[in-house]
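Chain by chain, the residues:
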Amino acid sequence: MKKRVVVTGMGIVSPVGNDVKSAWNNITNGISGIDNITRFDTTNHATKFAGELKNFSYEGIIDDKDARRMDLFIRYGLVAGSQAVIDSGIENSNIDKNRVGIIIGSGIGGLESIQNTAIELTQKGPRRVSPFFITGAIGNMVAGNLSIKYGYKGVNYGIVSACATGNHCIGDALRYIQQGEFDIILAGGAEAPVCEVGVAGFNACRALSTRNDDPKTASRPWDKERDGFVIGEGSAVLVLEEYEHAKKRGAKIYAELVGYAATADAFHLTAPSVDGPLRSMQNALNNAEINVDEVDYINAHGTSTPLGDLNEANATKACFNQHAKSLSISSTKSMTGHLPGAASAVEAIFTVLAIKENIVPPTINIFNQDEACDLDFTANTAKNKTINVAISNSFGFGGVNSTIAFKKIV
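Below: a short report on this structure.

1. Focus on the pairing of strand S6 (residues 184-191)
In terms of residue burial, S6 counts as a mostly covered element, since eight of its eight residues are buried. Covered by surrounding structure in S6 are Ile184, Leu186, Gly188 and Ala190 together with Ile185, Ala187, Gly189 and Glu191, the residues of both alternating faces. As paired strands, strand S4 (residues 100-105) and S6 are joined by six bridges and run parallel to one another. By the bridge assignment, Ile104 is partnered in S6 with Gly188.

2. Here's the deal with the packing of aromatic side chains
Under the counting rule described, the total for this entry stands at six aromatic pairs. Aromatic pair Phe202 and Phe229: ring centres 5.5 Å apart, planes at 75°, arrangement edge-to-face. One end of the pair, Phe202, is in helix H7 (residues 196-204); the other, Phe229, is in the loop between H7 and strand S7 (234-242), and 27 residues separate them in sequence. With respect to class, Phe202 is no different from Phe229; both count as buried. Between Arg4 and the ring centre of Tyr243, over which it is positioned, the NZ or CZ distance is 4.1 Å.

3. Focus: the sheet that holds strand S9 (residues 297-299)
Taken together, the ten strands give an open sheet; going across it, the order is S5-S4-S6-S7-S1-S8-S14-S13-S9-S10, and neighbouring strands pair in mixed fashion. The open sheet has two edge strands, strand S5 (156-157) and strand S10 (328-330), and neither has a second partner. Contacts from helix H5 (residues 141-150) reach S4, S5 and S6, with the element oriented near 150° to S4.

4. A short note on a negative patch on the surface
A cluster of like negative charges, contributed by Glu59, Asp63, Asp64 and Asp66, occupies part of the molecular surface. Turning to its location among the elements, Asp63 is positioned in the loop between strand S3 (49-50) and helix H2 (64-67). By relative accessible area, which is 43% here, Asp63 ends up partly exposed.

5. Comments concerning the packing of helix H3 (residues 72-88) against H5
Their axes nearest at 9 Å, the elements H3 and H5 cross at an angle of 45°. Considered as vectors, H3 and H5 are oriented oblique to each other. Helix-helix and strand crossings are classified by hand; for H3 and H5 the assignment is right-handed. Contacts between H3 and H5 involve Phe73, Ile74, Gly77, Leu78, Gly81, Ser82 and Val85 on the former and, on the latter, Met141, Val142, Asn145, Leu146, Lys149 and Tyr150. Considering only residue class, the contact of H3 with H5 consists of eight nonpolar, four polar and one charged.

6. Brief notes about the nonpolar core
By size, the foremost hydrophobic cluster in this structure holds 48 residues, and its most contacted members are Met10, Leu238, Leu240 and Phe350. For this core, the element with the most residues is helix H12 (residues 340-357), which contributes eleven residues. Excluding residues that lie within four positions of it along the chain, Phe350 makes contacts with Ile12, Val16, Ala23, Trp24, Ile27, Asn299, Thr332 and Thr336. One finds Ala67, Ala84, Ile90 and Val100 within the second-largest nonpolar core, a separate group that totals 32 residues.

7. Comments concerning the pattern of salt bridges
For the structure on display, the rule yields 19 salt bridges. Asp275 is the partner of Arg279 in a salt bridge, and the nearest nitrogen-oxygen pair spans 2.9 Å. Of this pair, Arg279 and Asp275 both sit in helix H9 (residues 275-288), four residues apart, which is roughly one turn of that helix. Residue Arg279 is classed as partly exposed on the basis of its relative accessible area of 28%. Through salt bridges with shared partners, a single network forms among Arg226, Asp309 and Asp370.

8. Let's talk about helix H4 (residues 111-124)
In a regular helix each residue adds 1.5 Å, so 14 residues correspond to 20 Å; H4 covers 20 Å between its end C-alpha atoms and thus fits that length. Restricting attention to buried positions, one finds in H4 the residues Leu111, Ser113, Gln115 and Thr117. Looking at the packing, one finds that the buried side of H4 touches H7. The positive-phi residue at the C-terminal boundary of H4 is Gly125, with phi of around 95°.

9. Here we look at the pairing of strand S1 (residues 5-13)
Along S1, nine of the nine residues are buried, which leaves the element largely enclosed by surrounding structure. Strand direction decides the pairing type here: S1 and strand S8 (residues 255-264), joined by three bridges, are antiparallel. Residue pairing for S8: Val6 is matched across the bridge by Glu256. Pairing between S1 and S7: eight bridges, direction antiparallel. For Val7, the partnering residue across the bridge sits in S7 and is Leu240.

10. Topic: the side chain of His301
Within the element layout of this structure, His301 appears in the loop between S9 and helix H10 (306-320). Those residues in contact with His301 that sit more than four places away from it in its chain are Cys163, Glu312, Ser331, Lys333, His338, Asn393, Ser394 and Phe395.

11. Re the packing of helix H6 (residues 165-178) against H12
Remark: H6 packs on H12, axes separated minimally by 5 Å, with the N-to-C direction vectors making an angle of 60°. Judged by the inter-axis angle, H6 sits oblique to H12. Seen from H6, the contacting residues are Thr165, Gly166, Asn167 and Ile170; seen from H12, they are Gly341, Ser344, Ala345 and Ala348. Classifying every residue of the contact of H6 with H12 gives three nonpolar, five polar and no charged.

12. Regarding H7
Turning to H7, its buried residues are Gly198, Val199, Phe202 and Asn203. The buried residues of H7 all sit within an arc of 125° when viewed along its axis, so they share a single face. Lining the buried residues of H7 we find H4 and H12. Looking at the residues trailing H7, positive phi occurs at Arg206, about 55°.

Parameters and conventions
- Residues numbered from 1 in each chain as written.
- Predicted model: local features only at pLDDT ≥ 70, side-chain atom pairs only at ≥ 80, totals over all residues.
- Heavy atoms only, no water.
- Buried < 20%, exposed > 50% of the residue type's maximum accessible area, 1.4 Å probe, protein only.
- Helix = DSSP H or I, 4+ residues; strand = E, 2+ residues; numbered from the N terminus.
- Pairing = 2+ DSSP bridges.
- Phe/Tyr/Trp six-rings, centres within 6.5 Å; stacked < 30°, edge-to-face > 60°.
- Lys NZ or Arg CZ within 6 Å of the ring centre and 35° of its normal.
- Contact = heavy atoms within 4.5 Å.
- Axes fitted to C-alpha atoms, helices over the stretch in contact; angles between N-to-C directions.
- Patch = residues over 30% accessible without salt bridge, like charges linked within 9 Å, V, L, I, M, F, W, Y side chains within 5 Å.
- Areas by Shrake-Rupley, 256 points an atom, 1.4 Å probe, with all protein chains shown as cover.
- Salt bridge = Lys/Arg side-chain N within 4 Å of Asp/Glu carboxyl O.
- Lys, Arg positive; Asp, Glu negative; His and termini not counted.
- Charge placed at Lys NZ, Arg CZ, Asp CG, Glu CD.
- Parallel < 35°, antiparallel > 145°, perpendicular 65-115°, else oblique.
- Left-handed = near helix turned anticlockwise from the far one by under 90°.
- Nonpolar A, V, L, I, M, F, W, Y, C, P; charged D, E, K, R; others polar.
- Core = buried A, V, L, I, M, F, W, Y, C linked by side-chain atoms within 4.5 Å.
- Expected span 1.5 Å × (residues − 1).
- Arc of directions from axis to C-beta.

Printed below as a string of structure tokens:
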């Protein structure tokens, strides 16, 4: 019999807030975290805005000497992970650290470190490349550093699967705990792509919005005039725990993680197909043993791309049939932007809080909803609704799809 898995801790650093409380408050109030880029000169870039972190601090978590040896995505992940550990209370509990694991990935890894090291190599030669370059840039180093920091000796790795990274990490963690291999796993994602090569690269493949005249309304999921996604940065980590283990130590429980699925489009590297997301949702519901008419809310992938949003709407209608019209759906990317490998972990936290607080977050910037996307996308204003079951979708380059399912704890 599969063991039950619950969420007992959460941490986040994001464009809408650097802790769970402030991020959720801004999300439910429809406050955008998108603004003009401050980190580099955007004069020659087609897109001049992003979801940058504001007032980010690692004080008390990373010392300055270590921080200088880490790309930003590692710093983000360590702060979010530490918040999650503190929130869960596991540091003050008598736990077996051999049975605590970490699965935190990054879709791209240390992109700015790679960019800057390539410049250093070209201008000054190989002897000037830092000995800490590799360990400060590779994608599994959030997990590695957290493992060292807290002494957790269970599974320790990161998944790389573009924008589905966070969900895949959460899904792997679910299976390990269900099978009884571990008691607790920290799972999530971290990303820091807001650098010159990152913005230039996404612009080159025409993925980003270029609405430079009004950054805060640039991310427009399901709006007729959507023109691409807004790149963002940050990290989110969830503490996933076996239910009886959590009860025994008196942990607070946010929600139960009940299902997961991953599929491939096997169609195109960047263009979506309905089949992959459809099967991802269907398989996750089957895995969770949930009927389609039991789902109350979907935190959608909803990136604000012309093809992607329509594709997800069509897949949702194909999955839920008549019940699709009764669903509340939102894209919190309309406020955070798209944080590739961290996106689905951020959205998992918002999905858990939607269940706990019985609030559907809004999709802001729907000024003229696309008639072909004819579902309830919770346009512009949050609403109160009893949410017992919710799913969160994440799809990515390479034709990867993932869906996770949560239930109110009973």
